[in-house]
Amino acid sequence: MKYDLHCHSYYSDGTLSPTQLLEHAKEREITHLALTDHDTLDGLAEAQKAANELDIHLINGIELSCTWEKQLLHVVGLNVDPNNAGLQKGVKLNKQRRIDRAEAMFEDFEKHGIFLRESVTQQIEDRGVPTRPHFAQALVEAGYAKDKKQAFKRYLVRGKPGFIPMVWAGLDDIGEWVTGAGGIAVLAHPNRYKFTRTKLSRLINEMIPHGITGLEVSTSTTDKQQSKMLGDLAIEFGLNASIGSDFHSPDQPWARLGCAHELSKELTPVWAQF
Ligand code: AMP
Ligand code: MN
Ligand code: MN
Ligand code: MN
């Protein structure tokens, strides 16, 4: 069995359709895949159809944007019922925040004489939710940056054109949406927030009472030492351990589908709860 419980399709900032994503998963010998697009469940129906044809276990997932102490966090919801009314209502809220943020971003860029509306709209067509990577791509295409990485240095981040401060859903709402839909809520890529161990422990202590009881221990960006530290935290706090590549595109060799190394045996994997 090979699990990858964090990846994206073109319903958010990935480049593959859900069908192409499942075909890619088959090539990469993945047996259990969770599609976790940012703040949308819209890719899951197509993914399920492709998963049935390819004999892959699809886990219905989502990556929710969250604000904790003014900081942006990502929480992955796994094994959710996509038809649950409470979850759908919550997702709609975050999706609307994305749409409103995109409008504010267009206006901010326009103040700097940069016009991205057409390019971003073309990328998402009438399907996807607007994300900063779409803006990064538009900036590259218009010649404002040589690649997306540079676009994220010169624009889109705090203090730079196109940055709009956001308040997303809180830990309480996200815990309720995910667990209310029968799912497990997992703190995504904890290493990426650059918290000290003390601060991460404080976050974990705060998230558990809201039903956020999983931790991504192994991702494409965790080295052995970080995974060990996260595994130790999972054991200390009794959290379920998750594994996910955060795959977005075959063009990103640093985050291949299925690339995250296996969970160590002493951890309780999140799929024990599915
Ligand atoms: P958003 O959720 O729309 O604010 O966009 C966040 C997404 O942007 C993340 O999930 C990453 O996929 C991507 N991202 C964030 N920072 C960078 C960066 N420095 N370089 C490339 N992609 C980034
Ligand atoms: Mn992303
Ligand atoms: Mn993320
Ligand atoms: Mn992700």
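Residues numbered from 1 in each chain as written. Chains lettered and ligands numbered in written order. Predicted model: local features only at pLDDT ≥ 70, side-chain atom pairs only at ≥ 80, totals over all residues. Heavy atoms only, no water.

Q: Mind showing me how you'd approach the layout of surface pockets here?
A: A probe as big as a water molecule, rolled over the atoms, marks out the empty space that is left. Estimated volume of the largest pocket: approximately 1,600 Å³. What lines the largest pocket is a set of 43 residues, and nearest its centre among them are Asp 13, Pro 133, Phe 152, Arg 192 and His 248. Contributing elements (two or more residues each) for the lining of the largest pocket: strand 3 (57-68), strand 4 (71-78), helix 3 (85-111), helix 5 (132-141) and helix 6 (148-154). In this structure, the second largest pocket encloses a volume near 350 Å³. Taken together, 17 residues line the second largest pocket, and the ones lying closest to its centre are Leu 72, Arg 158, Phe 163, Pro 165 and Met 166. (1 Å grid on protein atoms, 1.4 Å probe; cavity = no way out; pocket = protein on both sides within 12 Å on 5 of 7 lines; lining within 4 Å. Points joined across faces, edges and corners; volume = space filled by probe spheres on them. Helix = DSSP H or I, 4+ residues; strand = E, 2+ residues; numbered from the N terminus.)

Q: What should I look at first to understand the coordination of the manganese ion (ligand 3) in this one?
A: Ideal values for angles at a metal depend on the geometry: 109.5 degrees with four tetrahedral donors, 90 or 180 degrees with six octahedral donors. Note on the manganese ion (ligand 3): its protein donors are Glu 63 (OE), His 74 (ND1) and His 189 (NE2). The metal-donor distances range over 2.1 to 2.2 Å. Mapping the donors of the manganese ion (ligand 3) onto the primary sequence yields the spacing E-x10-H-x114-H. A separation of 5.4 Å is found between the manganese ion (ligand 3) and the manganese ion (ligand 2). Highlighted residues: His 74 in strand 4 and His 189 in the loop between strand 5 (184-187) and helix 8 (197-207), separated in sequence by 115 residues. Judged on exposure class, the residue His 74 and its partner His 189 are both buried. (Donors = N, O, S within 2.8 Å, 3.2 Å for Na, K, Ca; no water. Buried < 20%, exposed > 50% of the residue type's maximum accessible area, 1.4 Å probe, protein only.)

Q: Just to check I follow, could you spell out the nonpolar core for this structure?
A: One recurring pattern in soluble globular proteins: nonpolar side chains tend to sit buried together. The biggest cluster of nonpolar side chains holds 63 residues, and the ones touching the most others in it are Leu 33, Leu 73, Ile 174, Leu 203 and Leu 215. The element that contributes the greatest number of residues to this core is strand 3, accounting for six residues. Residues Ile 114, Leu 116, Ala 138 and Leu 139 belong to the second largest nonpolar core, which totals 15 residues. (Core = buried A, V, L, I, M, F, W, Y, C linked by side-chain atoms within 4.5 Å.)

Q: Explanation requested: the site of ligand 1 in the structure shown.
A: Around ligand 1 sit Asp 13, His 38, His 74, Arg 98, Arg 101, Thr 131, Arg 132, Pro 133, Phe 152 and His 248, and those are all the residues in its vicinity. Within the side chain of Asp 13, an N or O atom sits 3.2 Å from an oxygen atom of ligand 1. In the model, an oxygen atom of ligand 1 is placed 2.7 Å from a nitrogen or oxygen of the Arg 132 side chain. Going through the elements one at a time, helix 3 and helix 5 are the ones with two or more residues in the shell around ligand 1. Considered class by class, the residues forming the shell around ligand 1 number two nonpolar, four polar and four charged. (Near = heavy atom within 4 Å. Polar contact = N/O pair within 3.5 Å; in protein donor to acceptor, adjacent residues only side chain to side chain. Nonpolar A, V, L, I, M, F, W, Y, C, P; charged D, E, K, R; others polar.)

Q: Looking at this structure, how should I read helix 4 (residues 117-124)?
A: It helps to recall that an α-helix has 3.6 residues per turn; residues three or four apart then point in one direction. When we look at burial in helix 4, the residues that qualify are Ser 119, Val 120 and Ile 124. Down the axis, helix 4 shows its buried residues gathered within 120 degrees of arc, on one side only. Summarising the geometry of helix 4, the exposed residues directed more than 90 degrees from the buried face are Glu 118 and Gln 122. Looking at the buried side of helix 4, the elements it contacts are helix 3 and helix 5. Phi turns positive one or two residues past the end of helix 4, at Glu 125, with a value near 50 degrees. (Arc of directions from axis to C-beta. Contact = heavy atoms within 4.5 Å.)

Q: Can you help me understand the environment of Val 270 in this one?
A: Of note, Val 270 is situated in the segment after strand 7 (240-244). The class of Val 270 is buried, set by a relative accessible area of 0%. Here the alpha-carbon distance between Val 270 and Ala 241, two residues 29 residues apart in the chain, equals 5.3 Å. The residues contacting Val 270, other than those within four sequence positions of it, are Leu 5, Leu 78, Ile 184, Val 186, Asn 240, Ala 241 and Ser 242.

Purely spatial values, then, with no claim about function.
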